[in-house]
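# Descriptive analysis of the structure
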Amino acid sequence: MCELDAEHKGPRVDWQELTDLTRGQPFVVERVRLDGSGVVIEGEFEPPQLAQLSIDDQVFVAAFVRSHGSIKEMERIFGVSYPTVKSRLNRIAEHLDFVDTDPAPSGADVIDRLRRGEISTQEALAELERSR
């Protein structure tokens, strides 16, 4: 819902309304104003991946996080079956880039560990093969 921004006398658009207006089309944010400080940043900013999901998918992800990843709880909240929850999670996951929180070590890291005697030649070769 648009509401009047008292400080700048312009309309303030609710995130859900913005999501509805864009109808799933990609968009770029060009201006950001920090409330209370008067700081304005202009440029081209791509919204975070979760913000690019439909509002229904955003609600689903928020419910999944709030239920601590419990599919059983998601079944109860949304009144759907386990396969339906899994299917929807898989569909949403297809729209999100995977962030590798434990990336394979670089070749240089493996060689350094080998030089320091932390791993054997066989282990180094295996790690180098896996990181290809």
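Notes on the structure follow.

Reading guide: rules and limits
- Residue numbers here run from 1 along each chain, matching the order of that chain's written sequence.
- Residue-level local features of this predicted model are given only where pLDDT is at least 70; pairs of side-chain atoms are given and counted only at 80 or more, and the full residue set underlies all totals for whole chains, interfaces and linings.
- Excluding hydrogens and water, the side-chain figures rest on all heavy atoms present in the structure.
- Here a strand is any run of E in DSSP of at least two residues, a helix any run of H or I of at least four, and the numbering for each starts at the N terminus.
- Three labels apply to residues, based on accessible area from a 1.4 Å probe with only protein chains included: buried if under 20% of the type maximum, exposed if over 50%, partly exposed otherwise in between.
- When checking whether two residues touch, look at their non-hydrogen atoms; a contact exists if any pair is within 4.5 Å.
- For this analysis, a polar contact is any N or O atom pair within 3.5 Å, provided that within protein one partner can donate a hydrogen and the other can accept it, and provided that sequence-adjacent residues contribute only side-chain to side-chain pairs.
- Lining residues are those with an atom within 4 Å of a point, where the points come from a 1 Å grid over the protein atoms alone and group into cavities, where a 1.4 Å probe fits but cannot get out, or pockets, open sets with protein on both sides within 12 Å along at least five of seven lines.
- Grid points are joined across faces, edges and corners, and a volume is the space filled by probe spheres set on the points.
- Polar here means any residue outside two lists: the nonpolar Ala, Val, Leu, Ile, Met, Phe, Trp, Tyr, Cys and Pro, and the charged Asp, Glu, Lys and Arg; Gly therefore counts as polar.
- Two strands qualify as a pair provided DSSP detects at least 2 bridges between them.

## Let's talk about the overall build of the protein
- Tallying secondary structure elements over the protein gives 6 helices and 4 strands in all.
- Sequence-ordered secondary structure for the protein, helices as α and strands as β, is β-β-α-β-β-α-α-α-α-α.
- In the protein, buried positions account for 18% of the 132 residues.
- When contacts within the protein are restricted to residue pairs at least 6 apart in sequence, long-range pairs at least 24 apart make up 30% of them.

## A look at the side chain of glutamine 58
- Relative to the assigned elements, glutamine 58 resides in helix α2 (residues 55-66).
- Look at glutamine 58 and you get buried, because its relative accessible area is 19%.
- Polar side-chain contacts of glutamine 58 include one of 3.3 Å to the backbone oxygen of alanine 51.
- Apart from the residues within four sequence positions on either side, glutamine 58 is in contact with Trp15, Thr19, Leu50, Ala51 and Leu53.

## Digging into the layout of surface pockets
- In this model, the second largest pocket occupies a volume close to 320 Å³.
- Contributing elements (two or more residues each) for the lining of the second largest pocket: α1 (15-22) and α2.
- In terms of residue count, the dominant contributor to the lining of the second largest pocket is α1 (3 residues).
- For the lining of the second largest pocket, the residue count by class is 6 nonpolar, 8 polar and 3 charged.

## Thoughts on the pairing of strand β4 (residues 40-45)
- Summarising the sheet, strand β3 (residues 29-33) and β4 pair through 4 bridges and their orientation is antiparallel. In the sheet register, arginine 33 faces β4, and the bridge partner there is valine 40.
- The hairpin formed by β3 and β4 contains 6 residues between the paired strands, and glycine 36 there has a positive phi angle of roughly 85°.

Read these as spatial facts, not as claims about activity.
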